[in-house]
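Coordinate analysis (summary)
Spelled out from the first residue to the last, the chains are:
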Amino acid sequence: MIPEFGRFALALALCVALAQSVAAWRFPRITRAAAFAQTLCIAVAFLCLICALVSNDFSVDYVVRHSNTRLPPVYRAAAAWSGHEGSLLFWVFALSLWTAAFRAFSKPFSDEAADRIASVLGAISAGLLLMLIFIFNPFERLSSEIIEGAGLNPLLQDPGLILHPPMLFMGYSGLALPFAFAVEALLSGRPDIAWARGSRPWTIAAWVFLTLGIALGSFWAYYELGWGGWWFWDPVENASFMPWLAATALIHALPVAEKRGAFRAWCLFLGIIAFGLSLIGAFLVRSGVLISVHSFFNAPQRGASLLVFLTFVIGVSLALFAWRAPRLSPGGRFGLVSRETFLLAGSASLAVACASILLGTLYPLLIDALDLGKLSVGPPYFETVFAPLMIPALFLAGFAACWKRASPGAPGSMMPRRAAFFALASGLVSPAVFGVWKPLPALGLTLAAWLALTCVPAIWRAKRPRRESAFRGLSGISGMSVAHLGVAVFIAGVTLSNGYPEEKNIRIAAGETVRLADYAFRLNAIRREDGPNYQAFIADIDLIRDGQMQRKLFPEKRFYPASGLTMTETAIDFGRNLHVALGEPAGQTFSESVWALRISIKPFVNWIWGGCALMALGGLVSLFRRHSGEDSGNAGNSPPESTSLERGA
């Protein structure tokens, strides 16, 4: 009965989404109610899927493929977004939440503009719901009775599954908001200040979700995959990184469009591209064209529907842009040497870096589709091409942060000489502290120090209003400065962890000790324990430094009988940047054999995720500031003018 109810809720949601997509032109009064009704219907359908999974309803094909009776209940519920059909349903649910949130906070816009934006969002939801109902139905029943399911992929039986995918899906679907704003502005022919002001907070909110989702994914890979890597330039990882870069470029351009009326065509283009890249990512993950631990299944024939959908959405929106964009006025003027120039150059650098990743991701697929052979593009390409393209953007970010409006014509005022001197000095001297001076770490630390030294003074000088809560005190702090400080911390973590790692792969028996750097690792024993749906072999390791016991480490090897797969559960000491992974046994009996052990020390690797957290915090600060125009957008001194969208013309 639950699957049938879920199907009915999806069908009802489709009807509401179709009504919402045309209501702006025929029945504008119902768009607000339709947005909330659609959210309710999809929420009911999603809850039905969770109930089917938790109750082990093996009459449903999705439940059979992604759950079994031995799977812990929390992972049964999380399996609702671990498979293709369920994740697509969650994506539509997240999109409905964004739509409802927009309608709830759409008072600054005219009813006409808000209705058109909601209609664009309704059309996107309708397209996805059509695929869900007729092609990727998560409630499809089986003709025969099944006693036990296949269970969840062991790689996904981790707390990361509970947070990482929902964060990403919220980010992907959130980018539909700036897309809808752009399409509405092009349709109405009024991409004015109100459009830029209205689009900006929604773009930042989606960007925060994407930032947290990508960070959680890299952290999950670091402790789950067993070799201490945090980013692999996997095509599916790139599929999430490209929309993030495009959204970042858009965030840096929107303040100028809001304050000066410039970069409007560029902002409209980025709004379309950011959401388009999220659709391309959905196609890569769900079409079966990629073989990856992140992809859902191999079904190219079903992926064709996704290709048609994304081609239609991207093609129509770009055609609309090509028709309308040439008619846009250039907007406000600014000097060649100005903060606006730095913001535009930084935004363009991010877009070019995004294009380089898109090329490296899609080109091998295109070559294969044309039957021209097999081509592999891996980390060497991305590290060689992407990093140099990001250097100008990082350098310009420091210029924009310390730009002095009091004397915009004086080049010396753009870059505080002290910050430049100390950044260069710290970048050149700091690598020597690790024993070996290397040019790439020197460059990375110079950029990190430059960003930090141009952001920290702005944060330090921020005035906090009196008689207000600590959280409201953040209103005096620039979110841009906090986010750029996070980028500086991230760069320092990447530079030091990749530049000065220490690693040892050994075979060790119980009672033996191995040394790495200043630490000794003593294997006491290997014990066996049974989990809810797996068998674990756990190493008991003493971490010793200077003859003193520091702590215990318990890396594991888990075997999952339902799938026949073996997984590695690493032991990590984040304070000391230690990563210990248990390998395979060399003997026949687990208790007495010699075991493979991988030990690595990556200095400051935890700064990578600390930097990501600061970036997300910077986005949240920007969202909650009283005067959003002050954040990364002091791009002009003229007050915003009244616009047609605000007047409801």
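Rules of the game
Residues numbered from 1 in each chain as written. Predicted model: local features only at pLDDT ≥ 70, side-chain atom pairs only at ≥ 80, totals over all residues. Heavy atoms only, no water. Salt bridge = Lys/Arg side-chain N within 4 Å of Asp/Glu carboxyl O. Helix = DSSP H or I, 4+ residues; strand = E, 2+ residues; numbered from the N terminus. Buried < 20%, exposed > 50% of the residue type's maximum accessible area, 1.4 Å probe, protein only. Expected span 1.5 Å × (residues − 1). Contact = heavy atoms within 4.5 Å. pLDDT = per-residue confidence, 0-100. Phe/Tyr/Trp six-rings, centres within 6.5 Å; stacked < 30°, edge-to-face > 60°. Lys NZ or Arg CZ within 6 Å of the ring centre and 35° of its normal. Patch = residues over 30% accessible without salt bridge, like charges linked within 9 Å, V, L, I, M, F, W, Y side chains within 5 Å. Areas by Shrake-Rupley, 256 points an atom, 1.4 Å probe, with all protein chains shown as cover.

This part covers the pattern of salt bridges. Applying the stated rule across the entire model yields 19 salt bridges. Between D542 and R522 there is a salt bridge, and its shortest N-O distance comes to 2.9 Å. Pair noted here: D542 is in strand β4 (residues 535-545) and R522 is in strand β3 (residues 519-530), with a separation of 20 residues, a long-range link. Residue class for D542 comes out buried when judged on its relative accessible area of 5%. Take R522: its relative accessible area is 31%, and that puts it in the partly exposed class. Of the charged contacts, one joins R558 and E556 as a salt bridge, the two residues approaching to 2.9 Å between their closest N and O atoms.

Here we come to helix α7 (residues 160-174). Here α7 contains 15 residues, and its C-alpha end-to-end distance of 21 Å stays within 8% of the 21 Å for a straight helix at 1.5 Å per residue. Where α7 is concerned, the buried positions are G160, L161, H164, P165, P166, L168, F169, M170, G171, Y172, S173 and G174. Contacts made by the buried residues of α7 are with α4 (73-78), α5 (84-104), α8 (176-188), α9 (193-224), α10 (235-259) and α11 (264-286).

This part takes up the side chain of S600. Its location among the elements puts S600 in strand β10 (residues 595-601). On the accessibility criterion, S600 (2% relative accessible area) is buried. Look past the residues within four positions of S600 in its chain and what remains in contact with it is E502, E503, L516, N577, L578 and H579.

Even without a glycine there, the phi angle at W233 is positive, about 55 degrees. Residues other than glycine seldom take positive phi values, yet D546 does so here, at roughly 55 degrees. Its place among the elements puts D546 in the loop between β4 and β5 (548-553).

Next up on the list: the confidence of the model for the protein. When pLDDT is averaged along the protein, the result is 85; 87% of the residues meet or exceed 70. A low-confidence stretch, residues 405-414 (pLDDT under 50), is modelled with 12 contacts involving residues beyond four sequence positions or located in other chains.

Here we take up the packing of aromatic side chains. Applying the stated criterion across every chain, the model contains 37 aromatic pairs. Centre to centre, the rings of F604 and W607 are 4.8 Å apart; their planes meet at 75 degrees, and the pair counts as edge-to-face. Overall, the relative accessible area of 28% leaves F604 in the partly exposed class. If you follow R324 out to its NZ or CZ, it ends over the ring of W323, 4.5 Å from the centre.

All right, on to the environment of V605 then. Along the polypeptide, V605 turns up in the loop between β10 and α18 (606-624). Residue contacts for V605: discarding those within four places in its chain leaves Y222, S497 and N577.

Attention shifts here to a nonpolar patch on the surface. Judged by side-chain polarity, L359, Y363, L366, L370, L372 and L375 come together as a nonpolar surface patch covering roughly 610 Å² of accessible area. Along the polypeptide, L375 turns up in the loop between α13 (339-369) and α14 (379-401). Assessed through its relative accessible area of 40%, L375 is described here as partly exposed.

Another aspect to go through is α8. Because the α-helix completes a turn every 3.6 residues, residues three or four places apart line up on one side. Given a rise of 1.5 Å per residue, 13 residues ought to cover 18 Å, and the 18 Å separating the end C-alpha atoms of α8 matches this to within 8%. When you tally the buried positions in α8, you get 12 out of 13 residues, the bulk of the element. When we look at burial in α8, the residues that qualify are A176, L177, P178, F179, A180, F181, A182, V183, E184, A185, L186 and S188. G189 occupies a position one or two residues after α8 and carries a positive phi of about 75 degrees.

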